[in-house]
Each structure stands twice: as structure tokens, then as C-alpha cells.
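Structural features, examined
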Amino acid sequence: MADPYHNNIYHQGDGDSYGTYGQGGQDGYGYQTDYPPQEEDAASDATEGHDEEDQMYEGEYQGIPHPDEVKAARRAARAKARTVADAVSEQEELAEQYEDIMEDCGHGKFQWTLFVVLGLALMADSVECFVVALVLPSAEKDMCLSHAEKGMLGLIVFLGMMFGAFIWGGLADKVGRRKCLIIVLAMNCISAFFSSFAQGYGFFLFFRLFSGIGIGGSVPIVYSYFSEFLQMNKRGEHLSWLCMFWMMGGIYASFTAWGIIPRYGWGFSMGTEFQFHSWRVFVLVCALPAITAFVGLIFMPESPRFLLENAKHDEAWMILKQVHDTNWRAKGEPERVFTVTHIKIPKTQEDEFIEIQTATGTAFQRWVVRTLTLTKLVMKNVLSLFGRDLRLATLLMAIIWFTMAFSFYGLSVWFPDMIKHLQHEEYESKLKVFHREKVEQFHFNFSLENQVHKEGEYINDKFIDIEMKSVKFEDSLFVDCFFENIRSTETIFENCTIRSTVFYDTDLYEEKFIDCTFENVTFLHNKKGCHLDYEEENDVLVYLVSFLGSLAVLPGNIISALFMDKIGRIKIIGGSMLISAGCTFFLFLSFSQAAIIAWQCLFCGVSVAAWNGIQVITVELYPASKRATAFGVLNAICKLAAILGSSIFASFVGITKVIPILLSFVALVGGGVLALKLPETREKVLL
């Protein structure tokens with residue numbers, strides 16, 4: 001049978017374990033556990049004058065094993081496990097080889113630099129989830145948004161992220177992790193810029209959708225990309241630390257919103273047609289993490305594991321050497337030599353890209369053929385997730401992702417909406433009702449707020465330079481009155497009779513008069529533009545809730561990172577989801593705003609451990625050729641669950657608590673129990 005690998009030859013000595021490779025002659029696989037002997041003339045100046053026998057590992061007296069001994073022990077254990085197994089697949093062989101190389105490259109400066117760059121990309125995804133909710137109270141005034149339009153604006157970002165995760169996750173396995181991530185970050189930056197200047201609802205909606213499609217691909221790519229630079233014993237912990245940037249994104253968004261949006265002077269206008277208020281400045285500032293990640297990613301290399309999967313041996317070797325040299329120089333051991341000369345690569349697939357000569361057809365025709373070929377390859381990869389080997393894992397992970405996202409995002413919307421509902425109830429409890437009042441020749445020069453006037457008579461009165469907030473005139477009579485420079489909020493006139501009255505420079509439009517009778521009424525110079533309707537103070541509580549909810553996940557992040565490799569992914573996921581389910585019953589005790597904030601912090605702090613475990617195990621369950629695709633499909637399911645959860649939970653605010661609480665409880669329990677059926681991956685090499 002033909003050798004499944006090409007381009008290199010792998011030799012294993014008789015009786016040797018898999019962890020020991022043969023001498024690297026011209027025919028051999030040139031990877032050795034020990035460093036090759038050097039000629040005297042070629043000896044490094046760094047080691048001149050030192051006798052190897054005189055050097056001693058400083059931890060020897062304390063009984064601490066040498067790192068090389070630890071690596072050798074791990075390799076011996078893996079070799080022993082392979083001898084127990086009946087056969088080793090080609091995929092596992094390549095994975096073992098890559099793991100050994102990453103162990104010798106070490107974990108150091110290179111991984112930490114990449115950690116920061118990819119963390120900023122993850123932070124950009126988090127900011128995107130928060131930005132619309134934080135700007136909506138101001139944007140709705142600027143763009144005259146109805147309730148339906150506000151709801152669509154809140155959902156459009158998740159809709160875009162759902163498609164983005166699916167599309168870019170699939171492309172990352174065929175085009176490259178780094179290249180796709182650069183594109184999605186660029187899309188996010190461009191969309192943020194144009195959406196901040198968009199004056200109309202349609203344009204703003206389009207650019208937020210475009211931004212979501214872009215940044216939605218960052219999560220699948222970031223985790224797949226970073227995991228392929230980590231060795232097995234570091235993977236769970238450092239992927240969990242990476243999750244902290246999602247928390248930092250929420251803190252950054254809420255903190256900057258708190259500092260920018262209430263500053264109404266931070267903007268400018270060009271007549272009445274173009275307004276650039278402070279909330280638009282905030283939208284621009286939210287693009288900073290994506291911009292920084294974009295710049296940093298330019299200096300980062302492609303994943304060598306992706307290159308090996310695509311038969312690019314030489315490029316992968318150069319990057320692995322860069323990782324090795326960067327880490328050991330930073331550790332003060334520049335004399336360490338990268339001893340890999342050849343790396344096995346899998347046999348190239350028959351369905352590779354169709355390359356077209358530049359002289360063949362037009363540029364558009366070549367682009368169409370390449371695009372169709374790429375689409376076919378991506379869809380084939382997606383369907384392979386439901387093949388015999390991966391079907392059960394994909395089904396279980398899809399249910400776990402869905403149940404977790406449904407509960408988490410549903411409650412994330414329910415918490416602030418419940419706070420607003422309690423605020424509204426408290427506000428309505430202070431309502432003032434006036435019956436059959438008769439006011440003649442009076443000058444109203446003070447604001448009216450939270451009032452209902454029934455069957456009143458207003459004769460020859462003046463309403464000048466005042467604000468009407470939550471005011472209702474019902475079955476009332478206005479005769480010879482004068483309204484000037486009125487700013488109104490939720491103010492209506494219902495079944496009123498208005499005679500010989502002038503409305504000058506007001507925002508009292510026709511829709512604010514319901515079933516009213518007009519006799520000799522004049523409207524002059526009505527105010528235009530919703531941004532001039534009223535100037536309402538921003539509720540600091542909106543930013544505070546977002547800030548505390550993001551900050552509350554810090555303890556859960558730290559605990560999950562420290563214990564991810566100690567107790568395993570399955571126990572972390574199952575335990576966190578089941579405990580989170582228990583926390584939902586405390587929501588029956590949420591009778592005040594402070595109580596809701598407290599339960600929100602508790603829920604977020606507990607559930608974040610499950611999120612970390614889900615993301616880590618998603619990376620580890622799938623082989624390199626399908627890793628980003630699988631993550632993208634599952635993340636798209638996550639965003640679909642977020643849309644459904646937020647819509648369903650919000651519809652019950654002010655009606656009942658029981659249904660949202662029971663829905664979240666059932667979803668979390670079901671997902672947590674299924675998580676315990678997953679295979680543990682903490683001691684498995686990355687396929």
C-alpha cells in the first residue's frame with residue numbers, strides 16, 4: 001500500500017518507543033530528543049569554557065525533575081499508550097509528532113505575544129455584543145426608532161455573527177487562520193467607522209450586520225489558531241486564560257460607554273441633517289480592540305499545523321523554528337538548536353483548489369471558479385462533521401452549545417429588562433392624577449412630569465419653554481391656549497377638544513393627538529428630527545449593570561483556568577452548568593433592583609466556567625482539518641440560541657418570572673447532564 005505521507009521519510013529504531021526518533025541522515029526523519037553533536041569549531045561561544053559535567057540543574061537538590069526529564073516521561077507514557085492500542089492512525093501519528101515538536105519549542109515569549117494579539121481579537125467580539133445595547137437609548141432618539149426597529153437592531157448583530165461564524169470558520173480551515181482573522185477584523189473596523197457616521201436607520205442597520213458577519217468569525221478562528229501553538233499540558237489552562245479577554249471586552253465597553261455617552265458636548269452637527277453625538281464617538285472607540293489586534297496580527301505567522309495539513313512543509317518548518325528560537329532566546333538560552341529537519345505531512349487530498357492559469361478566461365471567471373471550488377470544499381468539510389466518527393460528538397456539542405447560549409443570553413437580556421420594569425413600576429407608583437381641574441389665564445413655566453389630567457378645562461393658558469414627560473391629557477378642553485418651545489416625552493392628548501389654539505416650535509406631532517377634535521388650530525415651525533424631541537439623562541444603572549455583570553466572571557475565569565487541566569473539561573462543564581441551573585431558582589427572590597444585580601453577578605460568575613470548558617473541548621474534539629469549521633458551526637448554533645433566548649425571555653418581562661426561570665433551568669440541567677457523556681480530552685494530543 002502506498003505510504004500515506006509524502007515528502008519526508010520517518011524511521012523508528014527497532015525496539016525504540018515512539019518518543020525516540022532515529023538519527024537524521026539524508027533518508028531519516030531528522031528530529032532528535034537530544035541535541036546533535038557539534039564540531040569543536042562550531043561550538044557556541046555561549047558555552048565556551050564550561051564543562052558539561054560541572055553543570056548541574058539547580059532544582060536537583062530539591063528533588064525537582066529536570067524539564068527534559070518531564071518531557072521524556074510524557075513521551076514515554078504516550079508511547080506506552082500507543083503500544084497498548086492495536087493500531088495508530090495516520091492522523092494520530094502526525095499529532096504525536098507535532099506535539100513532540102511543540103514541547104521542544106517550549107512555552108514562552110512567542111505564545112504570550114500571540115496570546116495578547118488574539119485576546120484583543122476576542123475582546124473585539126465581546127465589545128460587538130455590548131455596543132448596540134449600550135447605544136440604543138441614545139440612538140433611538142437620534143434616528144426616530146420604533147419599538148420594532150429597536151428590536152431588530154438588537155438582533156441583527158447576533159444574526160450577522162451567526163452567519164459570520166459559519167462562513168469564516170469554514171474558510172479558516174481552507175484558506176488559513178491568520179488570513180481569515182485579518183479579514184474579519186478589517187471588516188469590523190470598517191463597519192464601525194461607517195456605522196458611526198450613518199444618519200439613517202437603514203444604513204446603520206446594514207453596517208452593524210456587516211460588522212457582525214465580520215467579527216462573528218473571530219471566536220472560531222482565535223481558539224483554533226492559538227491552540228495549535230500550545231503543547232498538551234498547557235492547552236486547557238492557557239485557552240481558559242484567553243477567555244478572560246471576553247470579560248475584558250464587556251468591562252471596556254461598559255466603562256467607555258459610561259465615560260463617553262453622557263457627554264453630550266462630545267460631538268458636532270452640520271445643520272439639522274447631520275448629527276454626530278457622543279454615542280457615535282463611543283461606536284468609534286469600540287473599534288480600538290479590533291484595530292490593535294489587526295495591527296498585531298500582521299506580525300504574527302500562520303499556524304504551522306494548518307500549513308502541514310495543506311502540505312506546506314517548508315513554511316511550517318520556518319515558523320516552528322521561529323517559535324523555538326523566540327522562546328529560548330527570551331529564556332536566556334540562545335544556544336538551543338532547533339533540531340527538526342523534516343516533518344511528516346499528510347497525503348494531499350484529491351479535492352484541492354483548482355488552480356487556473358492567469359491566461360485562462362477573464363479575472364471574473366477565474367474568481368467564480370475558485371469561489372465555487374472553495375464553497376464546495378467548505379460544505380464538504382461541514383458535512384464531514386456528521387460522518388460516522390464525529391456524528392455523536394457533534395450532536396452532543398451542538399445541544400450543549402445551544403442550551404448554554406439559550407440560558408445565558410436569554411437571562412442576560414432578562415436581567416436589565418427586569419430592572420427597567422421595576423424602575424417603571426416605581427415611577428408609575430408616583431403618578432399624579434388631576435380630575436376636572438379648571439385653569440384660566442395661567443402661565444405654565446415649569447415642567448410637567450408623570451401626570452394624568454382628566455376632564456380638565458384650560459382657558460387662555462400659556463405653555464412656554466417647558467418639558468412634558470409622561471403626561472397624558474384625557475377628555476380635556478383647550479380654548480385660546482398658546483404652546484411654545486415644548487419638548488415632550490411619552491406625552492399624548494386623548495379624546496380632547498382643542499379650539500383657537502396655536503402650537504409654535506413644539507414637537508407635538510399629529511400622532512400625539514388621539515381621537516381629538518380640532519377647531520381653528522394652528523401648528524407653526526414644528527420641531528424636526530427625533531434627536532430634538534427631548535434630552536433625557538442617561539441612566540447610569542444601565543452601564544453599572546453591564547460593568548458588574550462582566551466583572552463578576554473574573555473569579556470563575558480564574559478558577560476554571562487553574563483547574564481546567566487538573567480536574568478535566570467534562571467536570572468543569574457539567575458542574576458549572578448544573579450549579580448555574582441551581583442559581584436560577586434564586587431569581588424567584590428578585591424583588592428589587594439590587595437583588596437582580598446580585599443574582600446576575602452570581603449567575604455570570606458560575607456559568608463562565610462552563611463557557612471556558614465548552615470552548616476548550618470544542619478545540620480538542622476535532623482534527624486540525626475540521627477544527628475551525630466545527631467551532632464555526634457550533635458557534636453559529638450558539639448565536640441562533642442567543643437570538644431565540646433573548647427574544648423569548650424578553651417577551652415575559654412584566655408578565656411572569658416562572659417561564660424564563662424554568663426554561664433556563666431545564667436547558668442548563670439538560671446540557672450539563674449531556675456534557676458528562678463527552679469524552680475527556682485533557683490528556684490527548686491535538687489531532
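Per an unreviewed UniProt entry, the chain goes by the name Synaptic vesicle glycoprotein 2Bb and belongs to Cyprinus carpio. What UniProt states about the chain under its Sequence similarities (unreviewed entry) heading is, verbatim, "Belongs to the major facilitator superfamily." Under the UniProt heading Subcellular location (unreviewed entry), the entry covering the chain gives this text: "Cytoplasmic vesicle, Secretory vesicle, Synaptic vesicle membrane".

Right, let's talk about the overall build of the chain for a bit. When you go through the chain residue by residue, the secondary structure sums to 20 helices and 18 strands. The proportion of buried residues among the 687 residues of the chain is 51%. Taking as baseline every contact in the chain between residues at least 6 positions apart, the subset at least 24 positions apart corresponds to 67%. Per element, the accessible surface of the chain, about 32,100 Å² overall, is 60% carbon and sulfur.

The next subject is the environment of Lys684. In this fold, Lys684 is placed in the segment after helix H20 (658–675). Since its relative accessible area comes to 47%, Lys684 is described here as partly exposed. Remark: the alpha-carbon pair of Lys684 and Glu96, spanning 588 residues in sequence, is separated by 9.5 Å. Residue contacts for Lys684: discarding those within four places in its chain leaves Met232 and Arg235.

Judged by pairing direction, the sheet is parallel, and its 5 strands sit side by side in the order E6-E9-E11-E14-E17 without closing on themselves. The sheet terminates laterally at strand E6 (438–440) and strand E17 (517–519), the two strands that pair on one side only. Across this sheet, the average inter-strand angle for adjacent strands is 5 degrees, counted without regard to direction. As paired strands, strand E11 (residues 477–479) and strand E14 (residues 497–499) are joined by 3 bridges and run parallel to one another. Each bridged residue has a counterpart across the sheet, and for Phe478 the counterpart in E14 is Ile498.

Attention shifts here to the side chain of Glu620. On the secondary structure map, Glu620 appears in helix H18 (residues 593–621). Here the side chain of Glu620 touches Thr681 through a polar contact of 2.4 Å, side chain to side chain. When sequence neighbours within four positions are dropped, the list of residues in contact with Glu620 reads Arg235, Arg569, Thr681, Arg682 and Leu686.

This part takes up the pattern of salt bridges. Scanning the entire structure with this criterion turns up 17 salt bridges. A salt bridge links Glu228 to Arg627; the shortest N-O distance between them is 2.6 Å. Taken as a pair, Glu228 in the loop between helix H7 (218–227) and helix H8 (232–260) and Arg627 in helix H19 (residues 627–651) lie far apart in primary sequence, 399 residues in all. Of the two residues examined, Glu228 and Arg627, each falls in the buried class. The salt bridge partner of Glu494 is Lys472, with a shortest N-O separation of 3.1 Å. Taken together, the positions of Glu494 in strand E13 (residues 492–494) and Lys472 in strand E10 (residues 462–474) put the pair 22 residues apart, joining distant regions of the chain.

What follows concerns the packing of H8 against helix H16 (residues 553–567). Running from amino to carboxyl end, H8 crosses H16 at an angle of 170 degrees, the nearest separation of the two axes being 7 Å. By the angle between their axes, H8 is roughly antiparallel relative to H16. On the side of H8, the interface is formed by Asn233, Lys234, Arg235, Gly236, Glu237, Ser240, Trp241, Cys243, Met244 and Met247, while H16 contributes Val553, Leu554, Asn557, Ile558, Ser560, Ala561, Leu562, Met564 and Asp565. Of the residues contributing to the contact of H8 with H16, the split by class is 10 nonpolar, 5 polar and 4 charged.

A separate point is the confidence of the model for the chain. In this model, the chain carries an average pLDDT of 80, and 81% of its residues clear a pLDDT of 70 or more. For the chain, the element scoring lowest by mean pLDDT is strand E1 (residues 5–6), at 38; helix H10 (residues 288–298) scores highest, at 94. Note that residues 1–62 has pLDDT below 50 and, in this model, 98 contacts with residues that lie over four places away or in other chains.

Moving on to the packing of helix H4 (residues 147–172) against H19. Put simply, H4 and H19 touch, their axes get as near as 7 Å, and they point 170 degrees apart. Considered as vectors, H4 and H19 are oriented roughly antiparallel to each other. For the pair formed by H4 and H19, the contact residues are Leu155, Phe158, Leu159, Met161, Met162, Ala165, Phe166, Gly169, Gly170 and Ala172 on the first element and Ala628, Thr629, Gly632, Val633, Asn635, Ala636, Lys639, Leu640, Ala642, Ile643, Ser646 and Ser647 on the second. Grouping the constituent residues of the contact of H4 with H19 by class yields 14 nonpolar, 7 polar and 1 charged.

What counts as what
- Residues numbered from 1 in each chain as written.
- Predicted model: local features only at pLDDT ≥ 70, side-chain atom pairs only at ≥ 80, totals over all residues.
- Heavy atoms only, no water.
- UniProt positions renumbered as here; feature names shortened; annotations may be inferred.
- Helix = DSSP H or I, 4+ residues; strand = E, 2+ residues; numbered from the N terminus.
- Buried < 20%, exposed > 50% of the residue type's maximum accessible area, 1.4 Å probe, protein only.
- Contact = heavy atoms within 4.5 Å.
- Areas by Shrake-Rupley, 256 points an atom, 1.4 Å probe, with all protein chains shown as cover.
- Pairing = 2+ DSSP bridges.
- Axes fitted to C-alpha atoms, helices over the stretch in contact; angles between N-to-C directions.
- Polar contact = N/O pair within 3.5 Å; in protein donor to acceptor, adjacent residues only side chain to side chain.
- Salt bridge = Lys/Arg side-chain N within 4 Å of Asp/Glu carboxyl O.
- Parallel < 35°, antiparallel > 145°, perpendicular 65-115°, else oblique.
- Nonpolar A, V, L, I, M, F, W, Y, C, P; charged D, E, K, R; others polar.
- pLDDT = per-residue confidence, 0-100.

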